[in-house]
Amino acid sequence: MAQAQLEGAQRVGSRFPKFTFILDQGKQFGPRVGRLCLTRPSNCLPNHVIDIRTPNFLIGTSRGVVPHFSRDHVHSANGISWINVSFESFLEQTPPVPTYQAGSQPLHNFLGFDSSKHIVSLSLRDPLDAREMPPNGNSHVSALCMRGVRKVTPADWRSYVLTMQPDIAFALSDTPFTAAPHSQKRLTKSIERSAAWLADLLRPLENTDDSPTESTPTLNVFVHMAGGTSTSARRAFSHSLTETLHGLEANAVKPLRCLDEGVAGYSFDLAALHVRPAPLSTHHDRGGGIEIAENSLSLQNSESLAQTPTPNTAGTPTSLSSSMIEPLSFLSLAPTLDELLRASLDPLPVAKPRLVTDVRSPHEILRLIRDIGVDVFDAGWAVKAADIGVALDFIFPVPSEHDNSPDHRKRDIGHNLYDAKYAHDFVSLTDAFLAGHNRTSSSKTPVCPCAACSPVSSTSPIQHSKVDVQSHQAHSDDGTNREQFLPPFTRAYLHHLLHTHEMSAHTLLVAHNVAVLDALLTGVRTIISGHADQNEAAAIFAREVTRFEEVYDGTMSVLHTARDNWKDVKYARENKDARSVHSTEVQ
Amino acid sequence: MQFEVIAKCHTTRARVCRMKLAHGVTMLPTFMPVATQAAIKGLTPQQVESLGITLILNNTYHLNLRPGIKVLDEAGGAHNFQGWNRNLLTDSGGFQLVSLSKFTDITEDGALFASPFNGEPTMLTPEESISIQHSIGADIIMQLDDVVSSLTVGPRVGEAMHRSVRWLDRCIEQHEKSGRKDKQNLFAIVQGGLDPALRDLCLDAMIERKDQVAGYAIGGLSGGEEKDVFWKIIKQCADRLPSDRPRYSMGVGFAEDLLVCVALGVDMADCVFPTRTARFGVALTFKGPLNLKLGKHTKSMEPIDKNCPCPTCASGMSRAVLHHIVTIETAGAHALTVHNLVFQAQVMGGARDAILEARFPEYLRSFFFDYFGDAGYPEWCVNALRSVGVDLMQGVDLPLVQGSGVKWEYSDAA
């Protein structure tokens, strides 16, 4: 068992929880299981430890909220333990409004997350947003809010992080969101800036004279692994994290000997690798709540990355660190995602958590677990599927009775509920799971615990007058056992809600899709940890992944169809609205 | 339906009633949120129930178009379809025919309209409206009425009233032979426009049919008429409608309108206002509406109302967070929708307690003082409440506001 105790001696007061990662089983590359453990200072709360088994997932926010969820859904949803907040939407005001939140755990409290249940991390940018942006500078990152582009300096970022006190902070990264290809000079700049900005976040707090103690909790910093689509640039960036610092650089982060000592985890934002940055003209509008980037979901697996543009070799090495990058023209083929991730991780310690954002299919998740050993994934793709009316329906490991259909078509990973075939389909959202209401003691099929498949009655409705007790008393006496699950919401109902533009559809689908993702990763952990011998575990896991790939359609064609249907319904409504503004919804 | 008056205000005509339907007990007076297309916008039925809401409304016109009667029949009715286990009311579809379709042609047989799907002429008869509502399976169903805009004048108003009575008879007949009278309850709708004489004629005819109807609605109002005319028609109808039947005022949703109606003897009301205004970023409070889009809320760390029991306020969600997300994120609409529904329920729940505890006049006075104390009282509310023995002006020195007096936060200047 390897353990990374992330004990920097950086003194930032006792406001920050202690974050550890324990790798139970696994090695540098290959499937692995572990535990993320967040311990809040004991004076904080009675329930001050949050334990997350890995592989697991985090859910991103849009303008600070989990898409389509009210706060009670965030609290009741299954498996949501890590929430990432991208700060850039708050740059609309100066100073950003969340910084006005007083008291302890300001980020949790401002956004209503539960500090006994939720790890909340903070990144400047939305890691899923790969649209083209104005270039970053030597001392700023270009971030996007509704009022336009904002320049954020490392000093700004440090101050936002120290004020908001997230459980985990992502260091600024110089990821180019300008039109590819990027020159070697640009890549060199990118890794130099990223390392410098990481160092800035790792600087100890000013005005702390008392010497730090062993147990002082520190700011927990994740670093984005820079280097773009160049394996050598990636290797160079990782080396810059582990090399012993000297002189001024060393002084600045003292007592850290190298940057990696202060790093709690590594993150890989695939968005910039998946697609060529799209022009900014299509601004996100979640107005209808279901806007998705035009180019998202277009590349489904790591193989497709071979088609992403390769940086040119414009410019020659100019600095010490860039001289480590081999000329890119020597590369005959663009590297695969695997190669890129391995290049970054190879020089780094094995026992730090690895986070990947913007995965786009369960297949990609499984391959990244099998081939790399990724520990945390973001749930963005499952939320986007909910945006376009898809109820996920897959299970891992695949049960033996799930053989290919007679016509040898692979199963879809979900249901496009816009499809007319669901109009009369009165069953719950998945075939792979049972609804709580339909569970039996004899069945081995697991239950989907989400708010759509296993709804439960409210146990204590708000009473608005003293006589209201008669309403609730009489109702629960009617034989309705409040502990029992209510019948599931059906595909027919969701089909209706989608075609009538009802927002409730997306709320129920996010709840469901997140629960299916949670079950996927639970299945992964069960397989990997079920075998004491690591090689055996890896082999069995690989067999299960192959079987999953054989049974479920990895091209995710159901998402493409759903997105077309979603667009049709959306545009049909917009056209209708253009004809008669007052036509929708009267009393 | 079991309907029982359990308390009466000693001064006004307000009362507290217990209405037991096939899906449980609803205490009256109550406000009914509108789930037009079988969903309260953005919420799940379990969330709605957790807010203490026991009666919601579905629109027959919309459900008949989508998902359609076949789907509802297969699902076993709208309760099953949408997962709502509490009481449900459906309108008859008549109002939407007139408000949504320019091409509706009313004949004695029924309403002839162009199908929004294929443009083909489609007839909605009273019998069909009732049988559609039987498929939906709501606990309370409404007669098909001949709806004219409340601003209509001339012989058309009388014609519509008389036709509504004739259509009521056809609805009663259809309902009587359905065998569903134990589960579904038919309400009549009093029409007659703004003409007290026509209203009286309609009341005469409909009260005559009392044994065949479970309750009465007051229709044809809330369409832009003068508020001083509105309350007088409500009062005229509520005064004459039988006391052992619930009285339902259609399309009423502003807090001050609700309380005036309750004081005049109304038991139920519905309106899309609280849910619709939520989607535009407006939170309802006992001090008047708050437009959270306004810049003044940008940095406010206060909840909408720290005394409000709704999940949004109870979670401490600040006006600043709401300002950041309303009209942009669906979650902003959800947060304000639950708040506004709880506000409506609190206004009505407060009225129930006050009537039971014999302090309803005081409740009215304190509500109006909190809500309008900074601007002055709408004169029509003062007039309406004086007609039932409550003088809002007693002991207060406030200006009277002409017109509707509706309170609103329009701009950053407010």
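Residues numbered from 1 in each chain as written. Chains lettered and ligands numbered in written order. Predicted model: local features only at pLDDT ≥ 70, side-chain atom pairs only at ≥ 80, totals over all residues. Heavy atoms only, no water.

**Side note on the overall build of chain B**
Of regular secondary structure, chain B possesses 16 helices and 18 strands. Taking all 414 residues of chain B together, the buried fraction comes to 65%. Within chain B, counting contacts between residues at least 6 apart in sequence, those at least 24 apart form 67% of the total. Accessible surface for chain B amounts to roughly 13,900 Å². Of this, 51% is attributable to carbon and sulfur atoms. (Helix = DSSP H or I, 4+ residues; strand = E, 2+ residues; numbered from the N terminus. Buried < 20%, exposed > 50% of the residue type's maximum accessible area, 1.4 Å probe, protein only. Contact = heavy atoms within 4.5 Å. Areas by Shrake-Rupley, 256 points an atom, 1.4 Å probe, with all protein chains shown as cover.)

**Side note on the sheet that holds strand E3 (residues 24-28) of chain B**
Hydrogen bonds along the backbone pair up the strands of a sheet, which may run parallel or antiparallel. All names here are of chain B. Ordered by their spatial adjacency, 3 strands build an open sheet running E1-E2-E3, and the pairing between neighbours is antiparallel. Pairing within the sheet leaves two strands with one partner each, and these edge strands are strand E1 (2-8) and E3. Within the sheet, the average angular offset between the axes of one strand and its neighbour, ignoring direction, is 15°. In this sheet, strand E2 (residues 15-21) lies alongside E1 in antiparallel orientation, the contact comprising 6 bridges. (Pairing = 2+ DSSP bridges. Axes fitted to C-alpha atoms, helices over the stretch in contact; angles between N-to-C directions.)

**Things to note about helix H9 (residues 362-371) of chain A**
All names here are of chain A. The buried fraction of H9 is high, at 9 of 10 residues. Every buried residue belonging to H9 is among Pro362, His363, Glu364, Ile365, Leu366, Arg367, Leu368, Ile369 and Asp371, and all of these are buried. Directly beyond the C-terminal end of H9, a positive phi value near 95° is found at glycine 373.

**Here's the deal with the sheet that holds strand E11 (residues 221-224) of chain A**
Residues and elements named next belong to chain A. One closed barrel accounts for 8 strands, arranged E5-E6-E7-E10-E11-E12-E13-E14; its pairing is parallel. Strand-to-strand twist in this sheet, taken as the mean axis angle between neighbours without regard to direction, amounts to 25°. Most of the contacts of helix H8 (residues 337-345) go to strand E12 (residues 263-269), to which it runs at about 160°, and overall it touches E12 and strand E13 (354-357).

**Topic: the nonpolar core**
Within the largest apolar cluster, 251 residues are counted, with the highest numbers of intra-cluster contacts made by Trp157(A), Leu368(A), Phe360(B) and Phe368(B). Here this core takes 14 residues from helix H13 (residues 504-529) of chain A, the largest share from any one element. Discounting chain neighbours no more than four positions away, the residues touching Phe368(B) are Glu256(B), Val260(B), Gly373(B), Tyr377(B), Cys381(B), Leu385(B) and Leu392(B). (Core = buried A, V, L, I, M, F, W, Y, C linked by side-chain atoms within 4.5 Å.)

**Describing the UniProt feature "binding site: substrate" (unreviewed entry) in chain B**
Residue and element names in this part refer to chain B. The feature "binding site: substrate" (unreviewed entry), as given by UniProt, occupies Asp91, Ser92, Gly93, Gly94, Phe95, Asp145, Gln191 and Gly220 in the numbering adopted here. Note that glycine 94 resides in helix H5 (residues 94-100). Owing to a relative accessible area of 5%, glycine 94 belongs among the buried residues under this scheme. Ignoring sequence-local partners within four residues, the contact set of glycine 94 consists of Leu144, Asp145 and Val147. With relative accessibility at 16%, the residue glycine 220 sits in the buried group. Not counting the four nearest positions on each side in its chain, glycine 220 is found in contact with Ser150, Gln191 and Arg199. (UniProt positions renumbered as here; feature names shortened; annotations may be inferred.)

**Structural notes on the interface of chain A and chain B**
Many descriptions give the size of an interface as the accessible area lost when the pieces come together. At the junction of the two partners, chain A supplies 63 residues and chain B supplies 75 residues. Between chain A and chain B lies a buried interface of about 6,000 Å² when both sides are counted; carbon and sulfur atoms form 57% of it. Remark: the boundary between chain A and chain B carries 4 salt bridges. When the shortest N-O distance is used, the salt bridge between Lys466(A) and Asp353(B) registers 4.0 Å. (Buried area = accessible area lost by both parts, 1.4 Å probe. Salt bridge = Lys/Arg side-chain N within 4 Å of Asp/Glu carboxyl O.)

**Here we look at the side chain of Asp270(B)**
Residue and element names in this part refer to chain B. Considering the arrangement of structural elements, one finds aspartate 270 in strand E14 (residues 268-270). In this structure the side chain of aspartate 270 is engaged in a polar contact, spanning 2.8 Å, whose partner is the side chain of tyrosine 248. A polar atom in the side chain of aspartate 270 sits 3.0 Å from the backbone nitrogen of glycine 251. In this structure, aspartate 270 is in contact with Phe31, Met32, Val34, Leu57, Tyr248, Ser249, Met250, Gly251 and Val252, ignoring residues within four places of it in sequence. (Polar contact = N/O pair within 3.5 Å; in protein donor to acceptor, adjacent residues only side chain to side chain.)

**Considering the environment of Pro31(A)**
Residue and element names in this part refer to chain A. Looking at where proline 31 falls in the secondary structure, it is placed in the loop between strand E2 (18-25) and strand E3 (33-39). Separated by 511 residues in the primary sequence, proline 31 and alanine 542 have C-alpha atoms spaced 8.7 Å apart. Each residue touching proline 31, except ones within four places of it in the same chain, is listed here: Gly26, Ile369, Arg370, Ile528, Ala538 and Phe541.

**Side note on the UniProt feature "binding site: Zn(2+)" (unreviewed entry) in chain B**
Here the UniProt-annotated "binding site: Zn(2+)" (unreviewed entry) positions come out as Cys308(B), Cys310(B), Cys313(B) and His339(B). The greatest C-alpha distance among the annotated residues, which extend across 32 residues, is 8.1 Å, indicating that they converge on a single site. With respect to the helices and strands, the residue Cys308(B) is situated in the loop between strand E16 (290-291) and helix H12 (311-314). Since its relative accessible area comes to 11%, Cys308(B) is described here as buried. When residues no more than four places from it in sequence are discounted, the contact partners of Cys308(B) are Cys313(B), Ala314(B), His339(B) and Val342(B). Tracing the chain through its elements places Cys310(B) in the loop between E16 and H12. Excluding its chain neighbours within four sequence positions, the residues that come into contact with Cys310(B) are Ile462(A), Val338(B), His339(B) and Val342(B).

**Side note on the pattern of salt bridges**
Evaluated as defined, the whole model comprises 49 salt bridges over all chains. The partner of Asp167(A) in a salt bridge is Arg40(A), with the nearest N and O atoms 2.8 Å apart. In this pair, Asp167(A) sits in the loop between helix H3 (154-164) and strand E10 (168-170) while Arg40(A) sits in the loop between E3 and strand E4 (49-54), placing the two residues 127 residues apart along the sequence. What makes Arg40(A) buried here is its relative accessible area of 2%. Among the charged side chains, a salt-bridge network with shared partners connects Glu108(B), Asp146(B), Arg156(B), Glu159(B), Arg163(B) and Arg166(B).

**Some details on H13(A)**
The end-to-end C-alpha separation of H13(A) is 38 Å, in line with the 38 Å expected for 26 residues at 1.5 Å each. Of all the 26 residues making up H13(A), 22 are buried; the element is thus mostly covered by neighbouring parts of the structure. (Expected span 1.5 Å × (residues − 1).)

**A word on the pairing of strand E8 (residues 141-145) of chain A**
Residues and elements named next belong to chain A. Among the 5 residues of E8, 5 are classified as buried, and the element is accordingly described as predominantly covered. Neither face of E8 is open: one carries Val141, Ala143 and Cys145, the other Ser142 and Leu144, and all of them are buried. Judged from the 5 bridges that link them, E8 and strand E9 (residues 148-152) form a sheet pairing that is antiparallel. Residue pairing in the sheet places valine 141 in a bridge with valine 152 of E9.

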